[in-house]
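Geometric and topological summary
Okay, here's what each chain looks like letter by letter:
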Amino acid sequence: MNNFDRDLICKYIPLDKQEEAFKKLESGYPVQYIIGNVDFCGNIIDVNENVLIPRFETEYLVENLLFYLRRYEYNNPKVLEVGTGSGCISIALAKEFNCSIDAIDISKKAIEVAMHNAKKNNTSINFICEDIAKYQTRHKYNVLVANPPYVALHEEVDPKTKYEPHNAIFAKEKGLYFYNIILDKARDLLTSKNIIAFEIGKDQAQKITDKALSIYPKANIIVRKDLNNFDRYLFIINE
Ligand SMILES: C[S@@+](CC[C@H](N)C(=O)[O-])C[C@H]1O[C@@H](n2cnc3c(N)ncnc32)[C@H](O)[C@@H]1O
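Values in this document were obtained by computation on a predicted structure and should not be read as measured data.

Observations concerning the overall build of the chain
For the chain, the helix and strand inventory stands at 8 helices and 11 strands. Reported as C-alpha extents along the three principal axes, the dimensions of the chain are approximately 60 × 40 × 30 Å.

Below, the structure written as structure tokens:
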């Protein structure tokens with residue numbers, strides 16, 4: 001238990017519930033689930049065990065995407081978010097950029113949390129409970145953003161993640177399943193001018209780049225690092 005987590009409990013949990021909260025914290029239970037929310041890009045996002053706890057590094061995915069949307073002069077784009085979880089990415093985008101957003105997730109319980117969060121943060125997002133592998137649409141999107149599950153099955157992870165939904169973290173094909181599915185569907189889902197913004201695992205940039213170039217040979221592919229200097233974000237830009 002670190003001092004920062006202790007302070008959060010003292011600040012946000014009523015005195016009569018703090019002893020119980022400290023016990024949970026000591027057992028390794030995430031402080032964010034105890035408190036029930038996190039700050040993501042300045043928005044308060046409620047969380048429970050049905051959704052991944054939004055990570056600090058994902059804020060940088062949103063910031064970078066906003067940068068490219070402005071740089072490539074997108075005007076009221078149609079955005080698809082894949083694997084919305086708590087809704088944090090779509091909510092942050094909707095707050096900062098004039099766009100219309102469809103956000104999909106396979107988990108009904110996650111969609112319920114995301115809908116609650118969108119309302120709480122005064123944003124209008126169209127949530128869809130669907131498996132991305134089966135998702136079909138008649139209208140095409142200009143932008144796709146995803147922080148999909150990307151940890152390979154059986155890979156060792158921080159023990160705290162055992163409280164988060166398994167299908168929010170792990171993916172088959174050595175963690176690459178969702179990038180492969182999304183890229184295989186990209187021509188059906190997206191207009192020819194488009195941006196695809198991915199958060200990725202630290203060893204996945206080359207394989208995702210190869211796959212992206214097999215679909216879009218002329219794409220501009222940009223890989224960016226997180227604060228630990230790991231490749232963490234991959235942008236596929238089709239002008
Ligand atoms: C890594 S979490 C990301 C959550 C949130 N976007 C964030 O960045 O904090 C991935 C999400 O993908 C969803 N997911 C898993 N399999 C899926 C599928 N086949 N189709 C759509 N969403 C899926 C999970 O339910 C989970 O909410």
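What to know about the nonpolar core
Among soluble globular proteins, nonpolar side chains are generally buried collectively. If you look at the biggest cluster of nonpolar residues, it comprises 59 residues, and the most contacted ones within it are Leu-144, Val-145, Ile-182, Ala-197, Phe-198 and Leu-234. With 6 residues, the single largest contributor to this core is helix α5 (residues 88–96). Apart from the residues within four sequence positions on either side, Val-145 is in contact with Leu-65, Val-79, Glu-81, Ile-89 and Ala-197.

A word on unusual backbone geometry
The phi torsion at Lys-174 lies on the positive side, around 55°, for a residue other than glycine. Here Lys-174 lies in the loop between β8 (170–171) and α7 (177–189). If you check the backbone angles, Asn-229 has positive phi at about 70° while not being a glycine. By the element assignment, Asn-229 lies in the loop between β10 (220–225) and β11 (231–238). Here Asn-229 falls in the exposed class, since 8 other C-beta atoms lie within 10 Å of it.

Here we look at the environment of Asn-180
Locating Asn-180 in the fold gives a position in helix α7. Assessed through the 15 C-beta atoms surrounding it within 10 Å, Asn-180 is described here as partly exposed. Between the C-alpha atoms of Asn-180 and Pro-30, which are 150 residues apart in sequence, the distance is 31 Å.

Some thoughts on the site of the ligand
Near the ligand you find 24 residues, and of these Gly-83, Gly-85, Ile-106, Asn-147 and Ala-168 are the closest. Those elements that provide at least two residues to the shell around the ligand are α5 and β4 (100–105). Residues of the shell around the ligand, tallied by class, amount to 14 nonpolar, 8 polar and 2 charged.

Rules used in this analysis
- Each chain carries its own residue numbering, running from 1 in the written order of its sequence.
- Given that the model is predicted, a residue must reach a pLDDT of at least 70 before its local features are reported, and side-chain atom pairs must reach 80 or more before they are shown or counted; all residues, however, enter totals for whole chains, interfaces and linings.
- Counting from the N terminus, the helices are the DSSP runs of H or I reaching at least four residues and the strands are the DSSP runs of E reaching at least two.
- The term nonpolar core refers to a set of buried Ala, Val, Leu, Ile, Met, Phe, Trp, Tyr and Cys residues connected through C-beta atoms within 7 Å.
- Exposure classes come from backbone-placed C-beta atoms, where a residue is buried if 20 or more other C-beta atoms lie within 10 Å of its own, exposed if 12 or fewer do, and partly exposed in between.
- Contact between residues is assigned whenever the C-beta positions, reconstructed from backbone atoms, fall within 7 Å.
- Each residue gets a C-beta atom placed from its backbone. If that atom is within 6 Å of a molecule or strand, the residue is near it.
- Ten residues, namely Ala, Val, Leu, Ile, Met, Phe, Trp, Tyr, Cys and Pro, are considered nonpolar, four, namely Asp, Glu, Lys and Arg, are considered charged, and the remaining ones, Gly among them, are considered polar.

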